[in-house]
Amino acid sequence: MDFDLTKAQKLLQQSARDFFSRECKPERVRELMATETAFDESLWQAMADQGFTGLTIPEEYGGLGLSLVDLIAVAEEMGRVCLPGPFLSTLWAASLIERAGNEGQCKQYLEPISAGEIKATVALLEDSADWNPEAVQLRSEKDGKEYRLRGAKHFVTDAAVADVIVVVARDGNDLVLLPVEKGAAGMKITATPGIDATRKLYAIEFDNVAVPQSNALAFTTKTKEALEAATDAAT
């Protein structure tokens, strides 16, 4: 059995190596690591122009529709240069939206992610720092046609630059995925110390943050299954 990359995958990897070695020189990476967010808009747009922001997003939503093996080939080159910024966070959120969102939600979020127009992340971890979705305690209370979020999330990567944060919360005994957009009333984002300066960490407080029930993801699949599959794809 042949476990080597295909010719097309080798060409993709070489293209990624050429791009990131040119765009992410060590001095530029160090400069970004020293900033509050480790984010560079021009670098992000250059990545979008290469198709990297939509690498595994289906073609019908503007992505390249490539496989996880293709992603691994490109991610290896990102790791080679210590790529700073929200790529992995956005990949995680996009993978989750693709698996849990309906057609309209996929179009709403995945198309601009593919184009590099928005960044995203997932708010999963809490005080316990447990990756098991069953550990989620943040409550989402129904209020008319809205969910109300009250509580906190921790260790949320790239939250300060994310245009949408997919919050994993409790709806009774079940889990619900609620997209919260940047600047939402009652949401407070605070930087927290982290070891990896290329991916900044944040705590998020939710003080009665309103999310329309119609915006909730996971209409087409079970929330936990979608979350686990998206996490596997991004890690």
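Read on for a plain summary of the structure. Every value quoted in this text rests on a predicted model; they were computed, and no experiment measured them. (Residues numbered from 1 in each chain as written. Predicted model: local features only at pLDDT ≥ 70, side-chain atom pairs only at ≥ 80, totals over all residues. Heavy atoms only, no water.)

## What about the packing of aromatic side chains?
Part 1 of the argument: Under the counting rule described, the total for this entry stands at five aromatic pairs.
Part 2 of the argument: Plain terms: the ring middles of Phe20 and Phe52 are 5.2 Å apart, the flat faces sit at 25° to each other, and that makes the pair stacked. With Phe20 in helix 1 (residues 7-23) and Phe52 in the loop between helix 3 (41-49) and helix 4 (68-80), this pair connects stretches of sequence that are 32 residues apart. An identical accessibility class is assigned to Phe20 and Phe52; each is buried.
Part 3 of the argument: These aromatic residues form a ring-pair network of at least three members: Phe19, Phe20 and Phe52. (Phe/Tyr/Trp six-rings, centres within 6.5 Å; stacked < 30°, edge-to-face > 60°. Helix = DSSP H or I, 4+ residues; strand = E, 2+ residues; numbered from the N terminus. Buried < 20%, exposed > 50% of the residue type's maximum accessible area, 1.4 Å probe, protein only.)

## Structural notes on the pairing of strand 5 (residues 174-181)
Part 1 of the argument: Burial analysis of strand 5 places six of its eight residues in the buried class, which makes it a mostly covered element.
Part 2 of the argument: In this antiparallel pair of consecutive strands, strand 4 (residues 164-171) and strand 5, the connection spans two residues, and Gly172 shows a positive phi of 70°. (Pairing = 2+ DSSP bridges.)

## Overview of unusual backbone geometry
Part 1 of the argument: Unlike most non-glycine residues, Cys82 shows phi in positive territory, near 55°.
Part 2 of the argument: With respect to the secondary-structure elements, Cys82 resides in the loop between helix 4 and helix 5 (87-100).
Part 3 of the argument: Look at Ala129: it is not a glycine, yet its phi comes out positive at around 55°.
Part 4 of the argument: Along the chain, Ala129 turns up in the loop between strand 1 (120-123) and strand 2 (139-143).
Part 5 of the argument: Overall, Ala129 belongs to the partly exposed group, its relative accessible area being 36%.

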